[in-house]
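In case you want the letters, here they are:
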Amino acid sequence: METKAVAKEMFFIVTRGKARKGFSRGCIGRVETETKRGEFLGLLYSGGSSTCSTKSGGTVRREDTYPLTRHQAQLLLFVSPSSKRLELLCNPQLFSAICELSQDDLVVVKYKKGHLPGLVKNLMQIGRKENQVDLHMLGFEVEFVDSDHSVSSKKPAPLPLFSAADIIQVVPAYSVPLGTHWRDGHCGGLNRKPVSRINSMPNMGSHRRQVGDNHADQCITQSPHKSNVPLEVGSMVEVVSNTGVTVYGVIRWMGIPGGKMNDWAGIELDFEVNGCSDGKYGGQRYFTCKGSRALFVPVTRCSPDGRFLYSPAGQETLKRTQLPPVPPLEDSEEDAPPIPESQALSLLVGRMKGIQGHFNSCYLDATLFSLFSSSMTLDGICRKPADTEQPITRTLRKEIVNRLRRQGFVPAESVMNLRKQLGCDTYLTEEKDPEEFITILLRRVLCMEPLLKLRSGRETSQGAYTFQIILEKEQVGQVPTVQQLLDTSFLSCDLKFEEIPSCLMVQMPRFGKKYKMFPHIIPSTELDITDLLYNSPRECFVCGRLAEHECLQCLPDRKLHPGQIKQYCTTCNTQVHIHPSRQGHCPRALAVPAEVPADALVPRRTMQLFAVLCIQTSHYVSFVKYGPDPRSWLFFDSMADRCGDDQSGYNIPEIRACPELGDFLSQSEEELARADPSKAGEPVRRLLCDSYVFLYQNPSMPHPQ
């Protein structure tokens, strides 16, 4: 086995795959050498509560791992069992904040059967190093905070030690309201020597001092009503629990629940809290969220989120979460490839990720993210010679596509630059539909020929960029698949593909938010277009020999697999239509290539689903498949949240991993047809009920590895 040495220190965690020579999911290792087949040979670290040892000789494939820094590896080693390490990695925003914790940062930790706020006091090295390659495990000493927002003044005692997985919320020290008692580590009544952090703990003191200097003369106190801002669905709020812990969330429902007299709010919390539900209250469902995250309280107990405070005059006096600095636009002519599956979660998942929405841009944001984040379908089209590239194409390529793929975030300004160049002022302000933007994007911006070349029964050809499903509702079942809709629509309109398209965007039989023909539609992860190709050999539905006839009336026949295209050889066509119920059918002759023998094996031509655009009310979002793994799905919303008011605030885009979507779509067609969207999780429900455009690509354009 040929190997090559690794130039620098490389750590990793195994994220998938079967156990191989010592490595299994959740194990942490260090690369010693790498084989030409892309396998790591390395050390296996076994963490625990007190010691950390190493074993050599493990082998694991690169694609089954996720890279770690030394600091991240040391933090995860103290997490047990190993499955919790992967759970923590699934929340990259939280894990990133934990890795950057500084002394006196405020955190909320799991403690006994509840959650308590506390101050990080030290980053502790745990275990002994038997030799140079060993790692210390890292844990946090946390000092609890009393419910009155002061540090406990009880007799100093050894501080409890917590792993990274015990931390469920992080509030950096520089963002804590200045009027509270724990600011800058000043602990009223507590006479203790500060404990020094170890060298590997990030130092954020300079940032904290800068904020403190800017507000040295201010003293902001917390009160039950921080402002006169009216609360509504979508408002970010905080609620002080009976134990004094402040929890944060977003109002998902407001009204008077059964058995109550006053207005209540249903809040989706930032993290799980014991005793909370998944959106039910008193046996009635008011909204849907993850389990243990739905809190129902009287509206009077809710206050605007303290992380976004505004003075009554409308001037911002304190903003605990500020707009993160946007990485500068890289001045590089080299195009970035689509985001590979192994890097998608770390680069994309979290808040302020993806494409930032601004002023009715959700249709455009969702479309661009779907087309360019992980798909290679349009990559060749975007690459134009520098001397022929138009300014609008350059804006799309450099400011949006490359920025998204390299940095994982595209600011609203970049998208606005594109909108200004689309040639119509309505693109700056008005709501549009994705299919209209897609046509403008491909025809005017990328100067593309139509993606679809369609031939009608009258032997006339026409081009299109998207395909609109057109049929009668009675032609298919109550819960159709995309495959059934496409087959029926093509046969009803007497259409065929002249060639296999590189990209097929199928628009569902609905019109924006106003009308949809079916309450929900089953996604087809693979579209078989073999029987929709013009002048292409097809096999008999009954015997498998070369087909010569096609029958539209047989499509819904319940005795012949309803919803599937029916084509027959001459013999089977005669036999099938002898039946009294089919004697009135009018089968049509197919154009059969003369050089194809009657018993030839017909290859199947398929398209793979890589994204779905959805609309709920008037807001567009998207689901994107970012790799070949069936569970590699992302949910993107360019306006998932908002900071500030309509005049001076900004939208917060968010991307979430949705592996449960892959689990659902991996079921058989019969199981999918029996699915009840009302009982499914929120991502599955939205996909089934809100789908608007399904995007498919040719398998010759694979997902980037």
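Residues numbered from 1 in each chain as written. Predicted model: local features only at pLDDT ≥ 70, side-chain atom pairs only at ≥ 80, totals over all residues. Heavy atoms only, no water.

Caption draft 1: Structural context of the overall build of the protein. For the protein, the helix and strand inventory stands at 16 helices and 39 strands. Evaluated residue by residue, the protein yields a buried proportion of 52% over its 705 residues. Intrachain contacts of the protein at a sequence separation of at least 6 include 65% that bridge at least 24 residues. As displayed, the protein has an accessible area near 33500 Å², and 50% of this comes from carbon and sulfur atoms. (Helix = DSSP H or I, 4+ residues; strand = E, 2+ residues; numbered from the N terminus. Buried < 20%, exposed > 50% of the residue type's maximum accessible area, 1.4 Å probe, protein only. Contact = heavy atoms within 4.5 Å. Areas by Shrake-Rupley, 256 points an atom, 1.4 Å probe, with all protein chains shown as cover.)

Caption draft 2: Broad picture of the side chain of Arg 405. Within the secondary structure layout, Arg 405 lies in helix 8 (residues 391-407). Not counting the four nearest positions on each side in its chain, Arg 405 is found in contact with Ala 336, Pro 337, Pro 338, Ile 339, Leu 347, Phe 372, Ser 373, Ser 375 and Asp 379.

Caption draft 3: Structural detail: unusual backbone geometry. The residue after Ser 80, namely Pro 81, is reached through a cis peptide bond having omega 0°. With respect to the element layout, Pro 81 can be found in the loop between helix 1 (70-77) and helix 2 (82-89). Phi at Asn 360 takes a positive value of approximately 60°, unusual for a residue other than glycine. Positionally, Asn 360 belongs in the loop between strand 22 (354-355) and helix 6 (362-372). On the basis of relative accessible area, Asn 360 is assigned to the partly exposed category, the value being 29%. You will see that Cys 447, though not glycine, has its phi angle at about 50°, which is positive.

Caption draft 4: Quick look at the packing of helix 8 against helix 9 (residues 412-420). Interhelical geometry of helix 8 versus helix 9 gives an angle of 160° and a closest axis separation of 9 Å. In terms of orientation, helix 8 lies roughly antiparallel with respect to helix 9. Our pair here, helix 8 against helix 9, has a crossing hand that is left-handed. Here helix 8 contributes Ile 392, Thr 395, Leu 396, Glu 399, Ile 400 and Arg 403 to the contact with helix 9, which in turn contributes Ser 414, Val 415, Asn 417 and Leu 418. The residue makeup of the contact of helix 8 with helix 9, split by class, is five nonpolar, three polar and two charged. (Axes fitted to C-alpha atoms, helices over the stretch in contact; angles between N-to-C directions. Parallel < 35°, antiparallel > 145°, perpendicular 65-115°, else oblique. Left-handed = near helix turned anticlockwise from the far one by under 90°. Nonpolar A, V, L, I, M, F, W, Y, C, P; charged D, E, K, R; others polar.)

Caption draft 5: Representation of the packing of helix 6 against helix 11 (residues 434-445). Axis separation between helix 6 and helix 11 bottoms out at 9 Å; the angle between their running directions is 60°. With respect to each other, helix 6 and helix 11 are oriented oblique. Read as a crossing pair, helix 6 and helix 11 show a hand that is right-handed. Contacts between helix 6 and helix 11 involve Tyr 363, Leu 364, Thr 367, Leu 368, Leu 371 and Phe 372 from the former and Pro 434, Phe 437, Ile 438 and Leu 441 from the latter. Split into classes, the residues belonging to the contact of helix 6 with helix 11 amount to nine nonpolar, one polar and no charged.

Caption draft 6: Quick peek at the pairing of strand 4 (residues 39-46). Taken across its eight residues, strand 4 has six buried, putting it largely inside the fold. Here six bridges tie strand 3 (residues 28-35) to strand 4, and the two strands are oriented antiparallel to one another. Residue pairing across strands places Glu 34 opposite Phe 40, the latter belonging to strand 4. Counting the residues in the hairpin turn of strand 3 and strand 4 gives three residues, including Gly 38, whose phi is positive at 80°. (Pairing = 2+ DSSP bridges.)

Caption draft 7: Here's a closer look at the pattern of salt bridges. Evaluation of the coordinates by the stated rule reveals 22 salt bridges. In this structure, Glu 499 and Lys 453 form a salt bridge, with 4.0 Å as the shortest nitrogen-oxygen distance. Separated by 46 residues along the polypeptide, Glu 499 in the loop between strand 27 (495-497) and strand 28 (503-507) and Lys 453 in strand 24 (residues 452-456) bring together distant segments of the chain. Note on Lys 453: relative accessible area 38%, which makes it partly exposed. Through salt bridges that share partners, Asp 494, Lys 496, Asp 528, Asp 531, Arg 538, Glu 550, Arg 588 and Arg 604 make up one connected network. (Salt bridge = Lys/Arg side-chain N within 4 Å of Asp/Glu carboxyl O.)

Caption draft 8: Region of interest: the side chain of Thr 395. In this structure, Thr 395 sits in helix 8. A polar atom in the side chain of Thr 395 sits 2.9 Å from the side chain of Gln 421. Apart from the residues within four sequence positions on either side, Thr 395 is in contact with Ile 400, Ser 414, Asn 417, Leu 418 and Gln 421. (Polar contact = N/O pair within 3.5 Å; in protein donor to acceptor, adjacent residues only side chain to side chain.)

Caption draft 9: Representation of the pairing of strand 9 (residues 137-144) in the model. Counting buried residues in strand 9 gives seven out of eight residues, a clear majority hidden from the surface. Bridge count for strand 8 (residues 114-126) against strand 9 is eight bridges, and the pairing is antiparallel. Bridging across to strand 9, Ile 126 finds its partner in Met 137. As judged from the two bridges shared by strand 9 and strand 10 (residues 161-162), these two strands associate in the antiparallel manner. Within the sheet, the bridge partner assigned to Glu 141 lies in strand 10 and is Leu 161.

Caption draft 10: Looking closely at the nonpolar core. Ranked by internal contacts, the top residues of the largest apolar core, which has 97 residues, are Leu 368, Leu 396, Leu 442, Leu 486 and Leu 504. Setting aside anything within four residues of it in sequence, one finds Leu 368 in contact with Ile 355, Ser 373, Leu 396, Ile 400, Leu 418, Phe 437 and Leu 441. In terms of nonpolar packing, the next biggest core, distinct from the first, is built from 36 residues, Ile 13, Leu 77, Cys 99 and Ala 164 among them. (Core = buried A, V, L, I, M, F, W, Y, C linked by side-chain atoms within 4.5 Å.)

Caption draft 11: Spatial organisation of the confidence of the model for the protein. In the predicted model, the protein carries a mean pLDDT of 78, and 78% of its residues have values of at least 70. A low-confidence stretch, residues 147-153 (pLDDT under 50), is modelled with 21 contacts involving residues beyond four sequence positions or located in other chains. Considering only residues more than four positions removed or in separate chains, one finds that residues 309-322, a stretch of pLDDT under 50, has 33 contacts. (pLDDT = per-residue confidence, 0-100.)

Caption draft 12: How the structure looks around the packing of aromatic side chains. The full count for this structure, using the stated rule, is 17 aromatic pairs. Ring geometry for Phe 11 against Tyr 45: centres 6.3 Å apart, planes inclined by 40°, an arrangement best described as tilted. Of this pair, Phe 11 sits in strand 2 (residues 11-14) while Tyr 45 sits in strand 4; the two residues are 34 residues apart in sequence, bridging distant segments of the chain. According to the relative accessible area criterion, Tyr 45 is buried, its value standing at 2%. Taken together, the ring pairs in this structure connect Trp 253, Trp 264, Tyr 281, Tyr 286, Phe 287 and Phe 296 into an aromatic cluster. A cation over an aromatic ring shows up here: Lys 432 above the ring of Tyr 427, its NZ or CZ 4.8 Å from the ring centre. The residue whose ring lies beneath Lys 566 is Phe 541, and the NZ or CZ to ring-centre distance is 5.4 Å. (Phe/Tyr/Trp six-rings, centres within 6.5 Å; stacked < 30°, edge-to-face > 60°. Lys NZ or Arg CZ within 6 Å of the ring centre and 35° of its normal.)

Caption draft 13: Representation of the sheet that holds strand 13 (residues 246-255) in the model. Read across the sheet, five strands follow the order 17-14-13-12-18 without closing on themselves; strand pairing throughout is antiparallel. Each edge of the open sheet is held by one strand with a lone partner, namely strand 17 (294-298) and strand 18 (303-304). For strand 13 and strand 14 (residues 264-269), the ladder comprises six bridges, and the chain directions are antiparallel. Each bridged residue has a counterpart across the sheet, and for Val 250 the counterpart in strand 14 is Glu 268.

Caption draft 14: How the structure looks around the environment of Glu 334. Mapping Glu 334 onto the fold places it in the loop between strand 20 (316-319) and helix 5 (341-348). Through-space distance from the C-alpha of Glu 334 to that of Asn 402 is 8.8 Å; in sequence the pair is 68 residues apart. Excluding anything up to four places from it in sequence, Glu 334 contacts Asn 402 and Arg 406.

Caption draft 15: Focus on the sheet that holds strand 27. Pairing is antiparallel across the open sheet formed by three strands, whose spatial order is 25-24-27. Taken across any chain shown, the strands that pair with only one partner, and hence form the sheet edges, are strand 25 (461-464) and strand 27. Across the sheet, the axes of successive neighbouring strands diverge by a mean angle of 35°, strand direction being ignored. Bridging between strand 24 and strand 27 involves three bridges; their strand directions are antiparallel. Residue pairing across strands places Ser 456 opposite Leu 495, the latter belonging to strand 27.

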